[in-house]
Amino acid sequence: MELYQSNEVKLYNSLNGQKEVFTPITPGRIGMYVCGPTVYSNVHLGNCRTFISFDMIFRYLKHLGYKVRYVRNITDAGHLTDDADQGEDKISKKARLEKLEPMEVVQQYTLDFHNVMRQFNALPPSIEPTATGHIVEQIEIIKNIIDKGHAYERNGSVYFDVVKFNTDHRYGKLSGRNLEDMIANTRDLNAQDEKENAQDFALWKKANPDHIMRWPSPWGDGFPGWHLECTVMSSKYLGDTFDIHGGGMDLKFPHHECEIAQGEAAHGCSPVNYWLHANMLTLNGKKMSKSTGNSILPKELFTGDNDFMEKGFSPSVVRFFMMQAHYRSVLDFSNDAILAAEKGYNRINEAITLLDKLPVSQTSSFSINEWKEKCYAAMNDDFNTPILVAELFEGASLIQKINSGSESINQEDLTVLQQTFRDFFYDVLGLKSSQESLIGDETEHLDKAMQLLIDLRAQARANRDFATSDKIRDQLLEAGIQLKDGPDGTTYTL
RNA sequence: GGUGCCAUGGCCGAGUGGCUAGGCUUGGGUCUGCAAAACCUACUACAGCGGUUCGAAUCCGCUUGGCACCUCCA
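Residue numbers run consecutively from 1 along every chain, following the written order of its sequence. Chain A is the first chain written and ligand 1 is the first ligand written, with later ones labelled in order. Local features in this predicted model are restricted to residues of pLDDT 70 or higher, and side-chain atom pairs are both shown and tallied only at a pLDDT of 80 or more, whereas totals for entire chains, interfaces and linings draw on every residue. Working from all heavy atoms in the structure, the side-chain values ignore hydrogens and water.

Enquirer: Where do I start with the overall build of chain A in this structure?
Expert: In terms of helices and strands, chain A carries 16 helices and 15 strands. Along the three orthogonal principal directions, the C-alpha set of chain A runs to about 90 × 50 × 40 Å. Burial classes: relative accessible area under 20% of the type maximum marks a residue as buried, over 50% as exposed, and values in between as partly exposed (1.4 Å probe, protein chains only). Relative to its full complement of 494 residues, chain A shows a buried share of 50%. Any pair of residues with heavy atoms lying within 4.5 Å of one another is described as a contacting pair. If you take every contact in chain A between residues at least 6 apart in sequence, the share linking residues at least 24 apart comes to 74%. Where helices and strands are cited, they refer to DSSP runs of H or I of at least four residues and of E of at least two residues respectively, numbered from the N terminus.

Spelled out as structure tokens, the structure:
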């Protein structure tokens, strides 16, 4: 019996704005697609929040025993810098500026992305397809959409006919827009526009002679439009209709709206059952954005080399900070907020170090299963990680009380406590304990060296040579190591 | 202008028509040579104005403020 059979997950579906009971198309199996990064520059922290949010969702669904195929693409072509019409492929623009091959740029930033995701302890997706690896499929689906009468060719480019599509489908159902309003609100600035309507979007763009990234197609040399890759890759790997599609809130319109239109036009069915949108991470109250400069790189945050924070923070602390907010809420990043999160994170880590050393009693003075159920209930309710974190703090408090003897626990319950605490902290939230950043070998060496210092200090204290003992303590603190005198001797944390 | 979302105690951040999330900070205490850490303990908030209700911070309306999308952006 898998956990999912006894845990009913409710998730907020952007398609109708309601929390719905999640039922996969195939029992026990889930297909999930998340829009990945455009690899033309380093991912910033805001990008990371979305991927960390969906990593948490992926982890919880797996924890429940579902077999999840998680597809997250790499956009290495096709996003335009300007208007669809005088647009230039983002990747090739960057390439020209830096005098690099386009695929060199792609490689560099893909590696950076993977590296950052690894630091945040995000699991790799099951499949990570690239747009450039699916040009053939994109050309095929464009032919299909043209055949169905939902697209037209103009001067070597192909456009999706939104107005025609809207006559027997509903364009705008995800973002709550209707086409009439959109048309009414459009001022027609581009008289030379190839498109029949301003709302039409490109499926294929003709490449100018100097455009580096280009592929042959039935309409001439060009490159695929912005929204097509996701439709192609999601349907290829997950089917024409699949369970969950995720992405950042800012992709809801037009990107996801266009995906729905493309899917419905090409396959005749709605592509996705549950649309999930992760909210933005703001910095100083404003959305992070590469173009405005209001952004912070993960590396700058980890090292403390940035203008916003007074010191560096470990990836796990940053992840914990994000988990303290709901994925659908805007989260503002600030020095005070992350500092507070770091202290809370340390508190939970203190409890974890006690987990294997707790005294066992004949009976328990509380109901551990009640606590465990609350943890699951939090996650089952649209992945409410802030509530889960609150429960982990309750658990941490419980651990301290058992340790100090004001609560007691029997062996059976202790096993539940250990298992549940670890399941949620490590597996579901994807956090690491503060000591874990060190590799085993290093820890051992450090332990030995530290023990020597601790012994020396203890001796100095015994001789009431406090000048020496305080010197050891204070200088270690400057080096980032904190000594903690307890009843059973002195321990240290980094 | 259009479409959504949000306003919670010093700070961050959940949530619910009635039973005081949680973390951080701060005050008091235990421990300590002194600290730090840890632990115990205290601190009853929901933008404003109306309305519905026995009862609303939670539902409805208005006002004010903020954010996101409508153009590439997670």
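Enquirer: Help me out: how do you make sense of the protein's contact with RNA strand B in this one?
Expert: Distances are taken per atom, and a residue is near a molecule or strand as soon as one of its heavy atoms is within 4 Å of it. Lining the immediate surroundings of RNA strand B are 58 residues, of which K90, W226, L251, K286 and K287 lie closest. Protein-proximal atoms of RNA strand B, defined as those within 4 Å of the protein, fall in sugar or phosphate at a share of 67%. By the criterion applied in these results, polar contacts are pairs of N or O atoms within 3.5 Å in which, for protein atoms, one can donate a hydrogen and the other can accept it, and in which residues neighboring in sequence qualify only through two side-chain atoms. Residue T50 places a side-chain N or O atom 2.9 Å away from a base nitrogen belonging to RNA strand B. Contact between RNA strand B and L281: a base nitrogen at 3.1 Å from a main-chain N or O atom of the residue. For the surface near RNA strand B, the elements supplying multiple residues, two or more each, are α1 (45-63), β9 (242-248), β12 (286-287), β13 (331-333), α11 (335-354), α13 (385-404), α16 (466-478) and β14 (482-486). Per-element tally for the surface near RNA strand B: the top contributor is α13, with eight residues. Each residue gets one label: Ala, Val, Leu, Ile, Met, Phe, Trp, Tyr, Cys and Pro are nonpolar, Asp, Glu, Lys and Arg are charged, and the others, such as Gly, are polar. Classifying every residue of the surface near RNA strand B gives 17 nonpolar, 23 polar and 18 charged.

Enquirer: How should I be thinking about the nonpolar core in this particular structure?
Expert: Soluble globular proteins tend to pack their nonpolar side chains together in the buried interior. Nonpolar cores are built from buried Ala, Val, Leu, Ile, Met, Phe, Trp, Tyr and Cys residues. Side-chain atoms within 4.5 Å join them into one set. The biggest cluster of nonpolar side chains holds 130 residues, and the ones touching the most others in it are L45, V318, F333, F383 and L417. Summarising the domain contributions, this core has at least three residues from each of domain 1 (3-278) and domain 2 (282-435). Beyond its immediate sequence surroundings of up to four residues, V318 is in contact with L45, F120, L301, F302, F313, F333 and I338. Counting residues in each nonpolar core, the second largest holds seven residues, with I472, L476, I481 and Y492 among its members. Domain segmentation is taken from an automatic or database assignment of domains.

Limitation: the analysis is restricted to geometry and does not speak to function.
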